Amino acid sequence: MEEDGAVTVYSGSAITDTKKNPFSIKVGLAQMLRGGAIAEVTTVDQAKIAESAGACCLVVSEPIGPGISRMADPSLIKEIKQAVSIPVMAKARVGHFVEAQILEAIGADYVDESEVLALADEDHFINKHNFRAPFVCGCGDLGEALRRVREGAAMIRTQGDLLGTGNIVDTVRNVRKVMGDVRVLSNMDEDEVFTFSKKISAPYDIVAQTKQMGRLPVVHFAAGGIVTPADAALMMQLGCDGVFLGPDIFNCSDPYKKVRAIVQAVRNYNDPHILAAASSGLEEAMGGLNLNENRVERFVSAEETY
């Protein structure tokens, strides 16, 4: 491996168009967001609040409603870009490379190929090497994460709750699964890596690179159900580089205070005194986040088996 780490596997001109940003630059742009909170916004006012509260980046999305979820209105994205000074990310449907072309054309700093939106292609993801903008992709396990990296993703987002319920259990499970597999991989003999890469259906060279680095070869954020400072600190202590905050973070009387508290928690995730101060006075964020009936039934049945 060369000094560029994961970047070097894409140095061949057969994969990377010389007119596009080299993968190393895209990874570097994504690394600028490490240690920060990325807030999802639907209006210019929310974008200004998130920026003033310390968010490192904004994700522009359409308000949740009935019907098919698609990329946000380009005029809204441009309006928010003009209103704030921090990077702006926009979502495109999985496999919808034309939406990605539009987002890049209007100047989106990052493109999120989001499984939260409706799928445009059930079998194929966007070839992200064909774009100048860095891409963010979701994953639920290590194999999926490394496949997205091979396609050109410069940031991985381990996704949990997709319904906006505020339930963090799926996010914790998926993050622990990814981190656990990385630890297992790091302790393998070189001969075992071939079988492991086949088992998780990931390219061998990326798997070998992950073993060498002892972590994902690109920036790793967590998303889904993160609505309190404690949630954000939990993700950071589990090994993530940052967190995504859903649009429900603004459904309270003082969204600035809530976003600011989570930003402080991400920056000071190992200091319980700062976390306690950040969590104080956030009753709206802390209450009402109960497991649904299916979860309760599953936990009850698990208890009965012991």
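The residue numbering used here restarts from 1 in each chain and proceeds along that chain's sequence as written. Confidence filtering applies because this is a predicted model: local features only for residues at pLDDT of at least 70, side-chain atom pairs given and counted only at 80 or more, and all residues used for totals across whole chains, interfaces and linings. Only hydrogens and water are set aside; all other atoms, that is, all heavy atoms of the structure, feed into the side-chain values.

Details of the confidence of the model for the protein chain
Every residue carries a pLDDT, the predictor's confidence in it, which falls somewhere between 0 and 100. Predicted confidence across the protein chain gives a mean pLDDT of 85, with 83% of residues reaching 70 or more. Two residues form a contact once any of their heavy atoms are found within 4.5 Å. In the model, residues 285-289 has pLDDT below 50 throughout and makes seven contacts with residues more than four positions away in sequence or in other chains. Here residues 295-306 scores under 50 on pLDDT; set against residues more than four positions off or in separate chains, the count is seven contacts.

Regarding unusual backbone geometry
Positive phi, close to 55°, is recorded for Ser201, a residue that is not glycine. Note on conventions: DSSP H or I runs of at least 4 residues are helices, E runs of at least 2 residues are strands, and numbering of each starts at the N terminus. Inspection of the secondary structure puts Ser201 in the loop between α7 (190-199) and α8 (204-213). The partly exposed category is assigned to Ser201, whose relative accessible area is 46%. Note on exposure labels: buried denotes an accessible area under 20% of the residue type's maximum, exposed denotes more than 50%, and partly exposed covers the range between, all computed with a 1.4 Å probe on protein chains only.

Section: a nonpolar patch on the surface
Together, Phe97, Val98 and Ile102 line one region of the surface with nonpolar side chains, adding up to about 240 Å² of accessible area. The residue Ile102 is located in helix α4 (residues 97-105) in this model. The class of Ile102 is partly exposed, set by a relative accessible area of 32%. Excluding any residue in a salt bridge, patches collect residues exceeding 30% relative accessible area, merging like charges within 9 Å and nonpolar Val, Leu, Ile, Met, Phe, Trp and Tyr side chains within 5 Å. Method for areas: the Shrake-Rupley scheme with a 1.4 Å probe, in which residue coverage is limited to the protein chains shown. Should a side-chain nitrogen of Lys or Arg be within 4 Å of a carboxyl oxygen of Asp or Glu, the pair is scored as a salt bridge.

Side note on the packing of α7 against α8
Axis lines are fitted through C-alpha atoms, for helices just across the contact stretch, and the angle between N-to-C directions can take any value from 0 to 180 degrees. Two numbers describe how α7 lies on α8: the axes approach to 9 Å, and their chain directions differ by 130°. The angle between the axes of α7 and α8 places the two elements in the oblique class. As for the relative orientation of α7 and α8, their crossing is right-handed in sense. Of the residues in α8, those touching α7 at Glu190, Val193, Phe194, Phe196 and Ser197 are Tyr204, Val207, Ala208 and Lys211. For this classification, the nonpolar set comprises Ala, Val, Leu, Ile, Met, Phe, Trp, Tyr, Cys and Pro, the charged set comprises Asp, Glu, Lys and Arg, and every other residue, Gly included, is treated as polar. Class assignment of the residues belonging to the contact of α7 with α8 gives a composition of six nonpolar, one polar and two charged. Should an angle fall under 35 degrees it is called roughly parallel, over 145 degrees roughly antiparallel, and 65 to 115 degrees roughly perpendicular, with every other angle called oblique. It is the rotation of the near helix from the far one that decides the hand of a crossing: anticlockwise by less than a right angle makes it left-handed, clockwise makes it right-handed.

Observations concerning the packing of aromatic side chains
When two rings of Phe, Tyr or Trp (its six-membered ring) have centres within 6.5 Å they constitute a pair, described as stacked for plane angles under 30 degrees, edge-to-face for angles over 60, and tilted for the intermediate range. Throughout the structure, instances matching the rule amount to three aromatic pairs. Taken together, a centroid distance of 4.3 Å and an interplanar angle of 0° make the contact between Phe194 and Tyr204 stacked. Remark: Tyr204 occurs in helix α8 and Phe194 occurs in helix α7; sequence separation between them is ten residues. Classification of Tyr204 by relative accessible area gives partly exposed; the value is 32%. For the pair Phe221 and Phe244, a centre-to-centre distance of 5.7 Å together with 70° between the ring planes defines the contact as edge-to-face.

Observations concerning the nonpolar core
Nonpolar side chains in soluble globular proteins generally cluster together in the buried interior. As used in this record, nonpolar core signifies buried Ala, Val, Leu, Ile, Met, Phe, Trp, Tyr and Cys residues forming a set joined through side-chain atoms within 4.5 Å. Residues Leu58, Ile80, Leu103 and Met235 are the most contacted members of the largest nonpolar core, which totals 51 residues. The dominant element in this core, judged by the number of residues it contributes, is helix α10 (residues 255-267), at five residues. When near neighbours in sequence (up to four residues on either side) are disregarded, Met235 contacts Ile168, Thr171, Val172, Val175, Ala222, Ile226, Cys240 and Val243. Ranked by size, the runner-up nonpolar core spans 37 residues in total, among them Leu146, Val149, Val182 and Leu216.

So, the UniProt feature "active site" (unreviewed entry) in the protein chain
With numbering aligned to this structure, UniProt lists the feature "active site" (unreviewed entry) at Lys91. As for its position among the elements, Lys91 is in strand β3 (residues 88-93). A residue is classified by how much of its surface remains accessible, and Lys91, at 7% relative accessible area, is buried. With residues near it in sequence (within four places) discarded, Lys91 still touches Glu40, Val59, Val60, Ser61, Met71, Ala72, Leu103, Asp112, Ser114, Val116 and Leu117. Each polar contact in these results corresponds to two N or O atoms within 3.5 Å; when the atoms are within protein, one needs to be able to donate a hydrogen and the other to accept it, and residues that are neighboring in sequence are counted only if both atoms are side-chain atoms. Looking at Lys91, its side chain comes within polar contact range of the side chain of Glu40, at 3.1 Å. UniProt positions are given in the numbering used here, feature names are shortened, and annotations may be inferred rather than shown by experiment.

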